[in-house]
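Chains, contacts and geometry: an overview
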Amino acid sequence: MESTLKEMRGGESVLDLSPKATVGGGVEDVYGEDCATEEQLVTPWAYSVASGYSLLRDPHHNKGLAFTEKERDSHYLLGLLPPAVVTQQLQEKKLMDNLRKYQVPLQKYMAMMELQERNERLFYKLLIDNVEELLPIVYTPTVGEACQKYGSIFRRPQGLYISLKEKGKVLDVLKNWPERSIQVIVVTDGERILGLGDLGCQGMGIPVGKLSLYTALGGVRPSACLPVTIDVGTNNEQLLKDEFYIGLRQRRATGQEYADLLHEFMSAVKQNYGEKVLIQFEDFANHNAFTLLAKYGTTHLVFNDDIQGTASVVLAGVVAALKLIGGTLADHKFLFLGAGEAGTGIAELIALEMSKQTKIPVEETRKKIWLVDSKGLIVNSRRESLQHFKKPWAHDHEPVKDLLGAVKAIKPTVLIGSSGVGRTFTKEIIETLASFNEKPLIMALSNPTSQSECTAEEAYTWSQGRAIFASGSPFDPFEYNGKVFVPGQANNAYIFPGFGLGLVISGAIRVHDDMLLAASEALAKQVSDENYNKGLIYPPFSNIRKISANIAANVAAKAYELGVATHLPRPANLVKYAESCMYSPVYRSYR
């Protein structure tokens, strides 16, 4: 996709670095906790306090009933807690028991957010140890409902809200954040939250959720993470009329006003935190997502998870699936429903990997990939009316009006949905696909579950149990003709936490497509024969920290190879170094 972005920025590459020297890198430990081993004592305060009451209300250091009797005596906690002293494991068991009693996912989400605000280490211990059960709660699909109802469930602000009211004062706003060493920022303007559309200021649930995964799955320290919402208004009439809406009550700013606020934000971030801070754009609408990535790709360390993260995780699934469907990447023909930032991003990364494997120019490998948008198959006769990011996918073919017609005409081996529209992979479409493929690969990627192009049950049933299936949101295992199929989840959480960790530990100052390919290759290698036997093309999330460390090492290695890493000298063993940098949620003993 760098070729498309280069075209947008007049031929400039992210590797055209200025001669300005940059040094440093690694994950800075602002609390001094990980300079010691877990057995050594640390000091929770940098200043003396008259009462431990404040300590119990500091989520970074609070341990609740796990404070030992010695700690209670040393830190003025006597009488502020019941007499019992319990372990972190017992606290975890009690909380999981309580969470499982909730019937409504949103209640579980609210309970988890309350825990994060009360006891940070226990929140991450719970999430890491129960990742497969809790990931759908703190992230998709439940986070989508949380964003829709964010105004009603809003309790305590998380992250920074930068609105048009703060224009001219964005640097001052950043300085209001208590942490000074920020290494990952996830920022949204709320215009295209998942498949739910414009949720304005209430999109904050996405940066908060993403960054909790950066810590739990990728090991980036919580104090180094900053969620940001840029509030330029909303065009959602329902929210504008909602008395509980927490954002600006005005229609979205566009054009120069919008660009000026974003530019002030990007400049302030670099001024306040330096050029090694990773800025992850999240859930921006297509027309802004590509523009921002093109504009700031050569000056900042920027990453768009919807374009690049989705592409990387889907490519990993496709590469892994080759063991089940046979052939090389270049032997297959791809058809996409959806030609937005996700669809075109995935398509470009597949074309790049194909080009890398075959040594054929990417302009040629693109011809194996076809896209369908709301007006039908993208073909040359439509070129003049196409948005810039769709033009590389306009191939020679007569016009085709719908997906079924495209399936019949193109005869793809791989069908990928990134349309944001539910139930668009109909029975007839899947049956047609299965009629000329022994093992069709079907990827229904749209989130949340209600927007998925088809369900796992539909894919397996309509293909008579022959489909290899993966989706964006989780689906339960499904039994067909006596065989249990376990659907894979093409979840960006496989990629972005490890990818971000790789950038941080290498001190990278730019993101390049080759790093995305490196992340995909690392993920695909983590799929075992046992996973393949269940029809899975992704490894289980229970191994996610090991997976993230391998992805981080691969990404960091590529950063060193490309000359954009600043953490020198390069560590001898990057996997071990990545693991050593990962945040541990185990309680520390206080002096």
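Calculation notes
Residues numbered from 1 in each chain as written. Predicted model: local features only at pLDDT ≥ 70, side-chain atom pairs only at ≥ 80, totals over all residues. Heavy atoms only, no water. Helix = DSSP H or I, 4+ residues; strand = E, 2+ residues; numbered from the N terminus. Rg over C-alpha atoms; globule rule 2.2 N^0.38 Å. Contact = heavy atoms within 4.5 Å. Areas by Shrake-Rupley, 256 points an atom, 1.4 Å probe, with all protein chains shown as cover. Buried < 20%, exposed > 50% of the residue type's maximum accessible area, 1.4 Å probe, protein only. Arc of directions from axis to C-beta. Polar contact = N/O pair within 3.5 Å; in protein donor to acceptor, adjacent residues only side chain to side chain. Pairing = 2+ DSSP bridges. Axes fitted to C-alpha atoms, helices over the stretch in contact; angles between N-to-C directions. UniProt positions renumbered as here; feature names shortened; annotations may be inferred. Domains from an automatic or database assignment.

Moving on to the overall build of the protein. Within the protein one finds 25 helices and 14 strands. In summary, the protein has a C-alpha radius of gyration of 24 Å against a globular reference of 25 Å for 591 residues, a match within 12%. With respect to the principal axes defined by its C-alpha atoms, the protein has extents near 80 × 60 × 60 Å. In the protein, 73% of the contacts between residues at least 6 apart in sequence involve partners at least 24 apart. For the protein, the computed accessible surface area is about 23,400 Å², with 51% contributed by carbon and sulfur atoms.

Right, let's get into helix H18 (residues 403–410). Burial in H18 covers these residues: Leu403, Leu404, Ala406, Val407 and Ile410. Mapping the buried residues of H18 onto a view down its axis gives an arc of 160°, with all of them on the same face. Residues of H18 that are buried make contact with strand S6 (334–337), strand S7 (369–373), strand S8 (376–377), strand S9 (414–417) and helix H19 (427–435). N-capping of H18 is provided by Asp402, with a side-chain oxygen placed 2.8 Å from the backbone N of Gly405.

The strand order across the open sheet formed by 5 strands is S1-S3-S2-S4-S5, and the pairing between neighbours is parallel. Strand pairing shows two members of the sheet lacking a second neighbour, strand S1 (160–163) and strand S5 (301–304), which therefore form its edges. The mean angle between the axes of side-by-side strands here comes to 25°, regardless of whether they run parallel or antiparallel. Sheet topology places S1 next to strand S3 (residues 225–231); 4 bridges connect them, and they run parallel. Across the sheet, residue Ser163 finds its bridge partner in S3, namely Asp231.

This paragraph deals with the UniProt feature "binding site: a divalent metal cation" (unreviewed entry) in the protein. Those residues carrying the UniProt feature "binding site: a divalent metal cation" (unreviewed entry) are Glu282, Asp283 and Asp306 in this numbering. Despite a sequence span of 25 residues, these residues sit close together in the fold, their greatest C-alpha distance being 6.7 Å. One can find Asp283 in the loop between strand S4 (278–281) and helix H14 (286–296). In contact with Asp283, other than residues within four places in its own chain, are Thr188, Asp189, Gly190, Glu191, Arg192, Ile193, Leu194, Ile206 and Asp306. Mapped onto the fold, Asp306 is located in helix H15 (residues 305–325). For Asp306, a relative accessible area of 8% corresponds to the buried category. Those residues in contact with Asp306 that lie beyond four places of it in its chain are Arg192, Phe281, Glu282, Asp283, Phe284, Glu341 and Ala342.

With domains assigned, the protein is organised as domain 1 (52–127), domain 2 (141–304), domain 3 (309–490) and domain 4 (494–581). On a C-alpha basis, the centres of domain 1 and domain 4 stand 32 Å from each other.

Moving on, we come to unusual backbone geometry. A cis amide bond links Thr140 to the next residue, Pro141, at an omega of 10°. Structurally, Pro141 can be placed in the loop between helix H7 (131–138) and helix H8 (142–148). A positive phi angle is found at Tyr76, which is not glycine, with a value near 60°. With phi around 55°, Arg423 is a residue other than glycine that occupies positive phi space.

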